[in-house]
Amino acid sequence: MAKLLIMDDEEKIRMMIRKYAEFEGYEVAEAADGFEAVRKAKEEPFDLIVMDIMMPELDGYSAVNEIRKFDPEVPVILLSARGEEYDKAHGFEIGVDDYVVKPFSVRELMYRISAILRRSAKNRTSDDSVMRFEGLAINHAARTVEIDGQAVSLSPKEYDLLYYLAHNKGIALTREQIISEVWGYDYFGDDRTLDTHMKLLRKALGPYQKFIVTLRGVGYRFEN
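Below or above, wherever it landed, is the structure these notes cover. (Residues numbered from 1 in each chain as written. Predicted model: local features only at pLDDT ≥ 70, side-chain atom pairs only at ≥ 80, totals over all residues. Heavy atoms only, no water.)

Let us look at the packing of aromatic side chains. Per the stated rule, a full pass over the model turns up five aromatic pairs. Geometrically, the ring pair formed by tyrosine 208 and phenylalanine 211 is stacked, given 5.8 Å between the ring centres and 15° between the ring planes. Accessibility expressed as a relative area gives 9% for tyrosine 208, which makes it buried. Relative accessible area serves as the criterion here: at 3%, phenylalanine 211 is assigned to the buried category. (Phe/Tyr/Trp six-rings, centres within 6.5 Å; stacked < 30°, edge-to-face > 60°. Buried < 20%, exposed > 50% of the residue type's maximum accessible area, 1.4 Å probe, protein only.)

Turning to the sheet that holds strand β3 (residues 48–52), a few remarks are in order. Spatially, five strands are ordered β2-β1-β3-β4-β5 in an open sheet, and the strand pairing comes out parallel. Edge positions in the sheet fall to β2 (27–31) and β5 (98–101), since each of these pairs with one other strand and no more. The mean angle between the axes of side-by-side strands here comes to 20°, regardless of whether they run parallel or antiparallel. In the sheet, strand β1 (residues 3–7) pairs with β3 via four bridges, with the strands oriented parallel. If you follow leucine 5 over to β3, its bridge partner there is isoleucine 49. Sheet contacts for helix α3 (residues 60–70): β1, β3, β4 (76–80) and β5; angle to β3, the most-contacted strand, approximately 150°. (Pairing = 2+ DSSP bridges. Helix = DSSP H or I, 4+ residues; strand = E, 2+ residues; numbered from the N terminus. Axes fitted to C-alpha atoms, helices over the stretch in contact; angles between N-to-C directions. Contact = heavy atoms within 4.5 Å.)

The strand order across the open sheet built from three strands is β10-β12-β11, with neighbouring strands paired in antiparallel fashion. If you trace the sheet from one side to the other, it starts and ends with β10 (173–174) and β11 (212–215), each paired once. Note that β11 and strand β12 (residues 219–222) share four bridges and pair antiparallel. The residue of β12 that forms the bridge with threonine 214 is tyrosine 220. Its contacts with the sheet place helix α8 (residues 192–205) against β11 and β12, and it is angled at close to 150° to β11.

Turning next to helix α6 (residues 156–167). For α6, spanning 12 residues, the distance from its first C-alpha to its last is 16 Å, which sits close to the expected 16 Å at 1.5 Å a residue. Taking burial as the measure, the 12 residues of α6 include 11 buried ones, the bulk of the element. For α6, the set of buried residues is Pro156, Lys157, Glu158, Tyr159, Asp160, Leu161, Leu162, Tyr163, Tyr164, Leu165 and Ala166. (Expected span 1.5 Å × (residues − 1).)

Our focus in this paragraph is the packing of α6 against α8. The N-to-C vectors of α6 and α8 enclose an angle of 80°; their axes lie 10 Å apart at closest approach. One element, α6, and the other, α8, form an angle in the roughly perpendicular class. The residues of α8 that touch α6, namely those facing Lys157, Glu158, Leu161, Leu162 and Leu165, are Leu194, His197, Met198, Leu200, Leu201 and Leu205. Residues of the contact of α6 with α8, tallied by class, amount to eight nonpolar, one polar and two charged. (Parallel < 35°, antiparallel > 145°, perpendicular 65-115°, else oblique. Nonpolar A, V, L, I, M, F, W, Y, C, P; charged D, E, K, R; others polar.)

The next subject is the pattern of salt bridges. Under the counting rule described, the total for this entry stands at 18 salt bridges. Of the charged contacts in the structure, one is a salt bridge between arginine 18 and glutamate 30, with a shortest N-O distance of 2.5 Å. Linking arginine 18 in helix α1 (residues 11–23) with glutamate 30 in strand β2, this pair joins segments that are 12 residues apart in sequence. The partly exposed category is assigned to arginine 18, whose relative accessible area is 23%. A salt bridge links glutamate 36 to lysine 40; its shortest N-O distance comes to 3.5 Å. Within this pair, glutamate 36 and its partner lysine 40 are both found in helix α2 (residues 34–43), separated by four residues, close to a single helical turn. A single network of salt bridges, built from pairs that share partners, joins Arg14, Arg18, Glu22 and Glu30. (Salt bridge = Lys/Arg side-chain N within 4 Å of Asp/Glu carboxyl O.)

Now the structure itself:
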């Protein structure tokens, strides 16, 4: 049974998410502020965290940064009343897996949680081989990436995106395929999420961003 941590300062929202999550068979813990969320995440491991951004004292972004220090791989879904591209980009830069704008459908949130948990389980049991492309090395067992021997810091979703592209080297992948496989569900939001992650990934890869080729009107292809 997967364990979820739900952090929101509105009790009504926490109760609503808990009701649906427990109906789906998840074990649920709650936190009313960022400090409580960090404390609970230190006390016990969670399989996924749903985190509101606008919180008193310690906001969601800061709470995620603190949790990443001792649990860098736990999937995180951010909740926010703000849907601006900057806010989403900042969330993805600190390594969250998804961003949901309020008001939202709790049933849709459950789909997203289920998809991310399936993806995490799949990654834990995937092939442990190391893929090398010139000076770019992708170690899937360790979920690490090196460029010319130096470790590169990628968010969990950026890593998933890179691995999916590299694993399907030479294949033209549509935007729909990438979103479905990397995000793991029929995406409900706009596809700028993919564009934002691709921009961040290319920046992180430096000279080896050349391997990711844009196919205008189609999607992307990884070429070596």
